[in-house]
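Coordinate inspection notes
Now for the letters of each chain:
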Amino acid sequence: MVDIYVVPILKIVVLLSAVLLAVTYLTLLERKVIAWVQVRLGPMRVGPQGVLQPIADAVKLLLKEDITPSRADKWVFTLAPIVSMVPALIAFAVIPFGATVSMFGHPVSLYIADVNVGLLYIVSVTSIGVYGIILAGYSSNSKFPLLAGLRASAQLISYEIAVTMMLVSLVVVAGTLSMVGIVNAQLSQGVWYVFLQPVAFVILFIGGLAETNRAPFDLPEAEQELTGGFHTEYSGMRFALFFLAEYANMIVVSAVATTLFLGGWLRPFPNVHVLSFLGFVPGWIWFLLKTFVFIYVFIWIRATLPRYRYDQLMRLGWKVLIPLGIANLVVTAILKVLL
Amino acid sequence: MLTSYVPIFIFIVIAAAFAAFTIVFARLVSAQKPNAIKLEPYECGIEAAGDARDRYSIRYYLIAMLFVIFDVETVFMFPWAVSLGKLAVFGLIEMLLFLFILVVGYFYAWRKGALEWQL
């Protein structure tokens, strides 16, 4: 009883608080990093060096008027941010943050659930987020959100195929769909999969950028042509939920990429005994460090690269990534069977 | 077996409750002063002209249909990928045939111009 209900609920509450805190501070990190890239200071007014800025933003969004446009479908309009937010959060359920650790004398596993179809779970859950975007665009009954919603869903489903194919190649190498199993497979094979599947890694990263609507693929919220994107009509807390969902998705993509390609909680070169002194750093710290590197690269790319045009985006997705994905899968499968 | 999914169901309930709670809570503490002009759909300050749900490009339908085909196909591949080690050469040839048929369809779509965004 305690093991099935109480321990998971405790873990979920801790994880949820950590994720929400990370997401709010991710907004500050992004503003700061982009400011530094552009030789500005970024937020400085709230707290020392602006560290309390996210809290001020949260309070402001909470107290802002929550407008429902008169032409909108009221219920769908309210449902859309929830549909967007929930998948972004529950994707964390199967991500292993570390090996089993001992806490208060009990072994505690640093994941909520280790289901045997973990990777498939992540793929399916993160795809549900598209419904939030398309429902927001449709229910607003306004031109900009509708266009942005269409764009966003077409973009998401286009890159979904290439990304899923890359994951299939990875599963061929690992032989399991369980997230914990994939990390353990990297341990037993003694190599991070980024070295075995470099093409898959690059395509997954590009696809991750596209699926989280990040620059240079941020066409669904291209403010110069679509004002705010699919959340143009949203304000207050419902707008904040979309915002949180986007940043939570960014952390999900980074964490998944870390687990699949950079060995999750494993230290660098897990099978080289000379480096075993690195073992004094707990696994979850390695995991968070690697995830942070990905998140930083996401922000760095946004500060550096200009935006794609829509036809270029579609051409890259359908004519470059999908053929590459099929080729990578065929080569991986042949090598796996012959070697 | 299914007990490993119990935490996920709990998580879904908690996450949905959290999202719904924040919306309701914000509703209670925030100022609400609606007026007719504020509730108009946003069109850069001009009065909204016509209905938003107008006709849109056929390309979106094409992309959606192609997506369904490719996505179903990748779903077929997951169980195959897990057990490829056991299926060995038989599984490999089987999937290469399957992929070949798919690639033929892919090139057909390409040649027909279904993947072009601008004509």
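Going by the structure above, here's the rest.
Throughout what follows, the structure given in this document is the object of discussion. (Residues numbered from 1 in each chain as written. Chains lettered and ligands numbered in written order. Predicted model: local features only at pLDDT ≥ 70, side-chain atom pairs only at ≥ 80, totals over all residues. Heavy atoms only, no water.)

This part is about the overall build of chain A. Per the secondary structure count, chain A includes twelve helices and two strands. The linear arrangement of helices and strands in chain A, starting from the amino end, is α-α-α-β-β-α-α-α-α-α-α-α-α-α. Scaling as 2.2 N^0.38, a compact globule of 339 residues should have a C-alpha radius of gyration of about 20 Å, and chain A matches this with 21 Å. Taken over the C-alpha atoms alone, chain A extends approximately 60 × 50 × 50 Å along its principal axes. Evaluated residue by residue, chain A yields a buried proportion of 59% over its 339 residues. Across chain A, contacts joining residues at least 24 apart in sequence account for 78% of those joining residues at least 6 apart. (Helix = DSSP H or I, 4+ residues; strand = E, 2+ residues; numbered from the N terminus. Rg over C-alpha atoms; globule rule 2.2 N^0.38 Å. Buried < 20%, exposed > 50% of the residue type's maximum accessible area, 1.4 Å probe, protein only. Contact = heavy atoms within 4.5 Å.)

Residues and elements named next belong to chain A. Position of glutamine 197 among the secondary structure elements: in the loop between α7 (193–196) and α8 (198–211). In this structure the side chain of glutamine 197 is engaged in a polar contact, spanning 3.2 Å, whose partner is the side chain of threonine 332. Discounting residues that sit within four places of it in the chain, glutamine 197 has contacts with Ser169, Val173, Phe261, Asn328 and Thr332. (Polar contact = N/O pair within 3.5 Å; in protein donor to acceptor, adjacent residues only side chain to side chain.)

Here we take up helix α1 (residues 6–29) of chain B. Across its 24 residues, α1(B) extends 34 Å between first and last C-alpha, which sits within 8% of the 34 Å expected from 1.5 Å per residue. Taken as a whole, α1(B) has its buried residues at B:Val6, B:Pro7, B:Ile8, B:Ile10, B:Phe11, B:Ala15, B:Ala19, B:Thr22, B:Ile23 and B:Ala26. (Expected span 1.5 Å × (residues − 1).)

Contacts between the two partners involve 69 residues from chain B and, on the opposite side, 79 residues from chain A. Here chain B packs against chain A, burying approximately 6,700 Å² in sum over the two surfaces, 77% of which is carbon and sulfur. In terms of surface lost to chain A, no three residues of chain B exceed B:Phe11, B:Arg53 and B:Phe78, which account for 13% of the buried area on that side. Across the chain B-chain A interface, the total number found is one salt bridge. (Buried area = accessible area lost by both parts, 1.4 Å probe. Salt bridge = Lys/Arg side-chain N within 4 Å of Asp/Glu carboxyl O.)

Residues and elements named next belong to chain B. The residue alanine 36 is located in the loop between α1 and α2 (59–82) in this model. Look at alanine 36 and you get exposed, because its relative accessible area is 62%. C-alpha separation for the pair alanine 36 and methionine 77, spaced 41 residues apart in sequence, amounts to 53 Å.

Applying the stated criterion to the full structure yields seven salt bridges over all chains. Linking B:Glu116 and A:Lys319 is a salt bridge whose minimum nitrogen-to-oxygen distance equals 2.5 Å. Of the two residues, B:Glu116 sits in the segment after α3 (84–111) while A:Lys319 sits in helix α12 (residues 310–338), which places them in two different chains.

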